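The primary structure of each chain is shown beneath.
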Amino acid sequence: MLDVSDSTSDTDISAILTPVAATRAPEAIVRRVKDAIAAGELRPGQKLPPEAQLARMLGVATMTLRHALAVLKELELVESRRGRNGGTFIHPRAEQQGRRQRVSPLTAAALRDLTDWRKAVSGDAAALAAARGGEDAAARLTEAARTCETLLDNPERYRRADAELHILIAELSGSPRMVAAEMALQQEITDLVLNTTDTPKLRRIVRHTHGELVDAIINGTPESARSAMRDHAESTFNWLLSLNLFPKE
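Residues numbered from 1 in each chain as written. Predicted model: local features only at pLDDT ≥ 70, side-chain atom pairs only at ≥ 80, totals over all residues. Heavy atoms only, no water.

Undergrad: I'd like a description of the pairing of strand β1 (residues 78-81), backed by residues and values.
TA: In the sheet, β1 pairs with strand β2 (residues 87-90) via 4 bridges, with the strands oriented antiparallel. Within β2, the residue paired with R81 across the bridge is G87. In sequence, β1 turns back onto β2 through a hairpin of 5 residues, with G83 there showing a positive phi of about 105°. (Pairing = 2+ DSSP bridges. Helix = DSSP H or I, 4+ residues; strand = E, 2+ residues; numbered from the N terminus.)

The structure is reproduced here in structure tokens:
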């Protein structure tokens, strides 16, 4: 494999990976890296700066950066290498992964698989959030859900607010692994949803299922929260499938 790890200096990378907004910084980092790969600014095999330096460049805490790197690894956009010359590198298949996510729709079977995975991960996250949410969970969830409601007429802003709500639920679970898995899921869902225009159905789904989900978590009923999240994921699946965008094979 061609080694291009030294093809871009730290100075060049610092111009690409500039500080991100503090709100939902991990998701912003993932988007920044994906966009830089798509634009050819970050190339397969290229080595990123050490974590501490990269965190400073992005203006985030090291732990926040690690959450984002975990998602990027799951999406096969970066990889870790050990040893004397180890570190974090842009994944050899990063460009192909980026093209697949942009232009190749999932098959219906793959959408089904994604939904089943989402029901497992997000369902457990919701149940744990209901059990462990803490005193400020109600206020944070209510505000996040209200923000989604106000943005229903703006598909892109709504989608990002919706992702933030689901990532918040994962955060309330108290599990960093849950947060990383949820972020990866939301990244995939964002790529799917932003390619659709059928917002009226989305509005009806969201108004019905978000309320039940948030109420179950606030009320501290884990099994109800799990069930509401699974119903929400299944409703989203049925909506997407109804658009006839996903080939059967």
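Undergrad: Give a detailed account of helix α3 (residues 51-58), specifying residues and quantitative values.
TA: Taken residue by residue, α3 has L54, A55, M57 and L58 as its buried positions. Buried residues of α3, seen end-on, are gathered within an arc of 160° and therefore sit on one face of the element. With its phi angle positive at about 75°, G59 sits one or two positions after the end of α3. (Buried < 20%, exposed > 50% of the residue type's maximum accessible area, 1.4 Å probe, protein only. Arc of directions from axis to C-beta.)

Undergrad: Requested: an account of the pattern of salt bridges, with residues and values cited.
TA: Tallying each qualifying case throughout the model produces 12 salt bridges. Between E51 and R66 there is a salt bridge; the shortest N-O distance is 2.7 Å. With a gap of 15 residues between them, E51 in helix α3 and R66 in helix α4 (residues 62-74) connect regions that are remote in the sequence. Residue class for E51 comes out partly exposed when judged on its relative accessible area of 28%. A salt bridge links D136 to R140, with the nearest nitrogen and oxygen atoms 3.9 Å apart. Connected through shared salt-bridge partners, R112, D116, K119 and E234 make up one network. (Salt bridge = Lys/Arg side-chain N within 4 Å of Asp/Glu carboxyl O.)

Undergrad: Help me get a handle on α4, residues and values and all.
TA: In an α-helix there are 3.6 residues to a turn, and that puts residues three or four apart on one side. Its 13 residues give α4 an end-to-end C-alpha distance of 18 Å, which sits within 8% of 18 Å, the value for a rise of 1.5 Å per residue. Here α4 has its buried residues at L65, H67, A68, L69, V71 and L72. Among the residues trailing α4, E76 stands out with phi positive, at a value near 60°. (Expected span 1.5 Å × (residues − 1).)

Undergrad: Tell me about the packing of helix α8 (residues 155-172) against helix α9 (residues 176-193), and please be specific about residues and values.
TA: A packed helix pair is summarised by two numbers, namely the angle formed by the two axes and the spacing between the axes. Between α8 and α9, whose axes approach to 9 Å, the crossing angle comes to 165°. Taken together, the axes of α8 and α9 are roughly antiparallel relative to one another. Here α8 runs over α9; the crossing is right-handed. Seen from α8, the contacting residues are R159, R160, A163, H166, I167, A170 and E171; seen from α9, they are M178, V179, E182, M183, Q186, I189, T190 and V193. Along the lines of polarity and charge, the residues of the contact of α8 with α9 split into 8 nonpolar, 3 polar and 4 charged. (Axes fitted to C-alpha atoms, helices over the stretch in contact; angles between N-to-C directions. Parallel < 35°, antiparallel > 145°, perpendicular 65-115°, else oblique. Left-handed = near helix turned anticlockwise from the far one by under 90°. Contact = heavy atoms within 4.5 Å. Nonpolar A, V, L, I, M, F, W, Y, C, P; charged D, E, K, R; others polar.)

Undergrad: Let's hear about the packing of α3 against α4: which residues, and what values?
TA: In the contact formed by α3 and α4, the axes pass within 9 Å of each other and the chain directions differ by 100°. Here α3 lies roughly perpendicular to α4, going by the angle between them. Between α3 and α4, the contacting residues are E51, L54, A55 and L58 on the first element and T62, L65, R66 and L69 on the second.

Undergrad: Before we move on, can you summarise empty space enclosed by the protein with the specific residues and values?
TA: Overall, the coordinates contain 3 cavities of 30 Å³ or more when judged by the stated rule. Space inside the second largest cavity adds up to approximately 70 Å³. Around the second largest cavity, the lining residues are L111, L114, T115, R118, I189, L192, A233, T236, F237 and L240. Contributing elements (two or more residues each) for the lining of the second largest cavity: α6 (108-132), α9 and α11 (222-242). Residue classes in the lining of the second largest cavity are distributed as 7 nonpolar, 2 polar and 1 charged. (1 Å grid on protein atoms, 1.4 Å probe; cavity = no way out; pocket = protein on both sides within 12 Å on 5 of 7 lines; lining within 4 Å. Points joined across faces, edges and corners; volume = space filled by probe spheres on them.)

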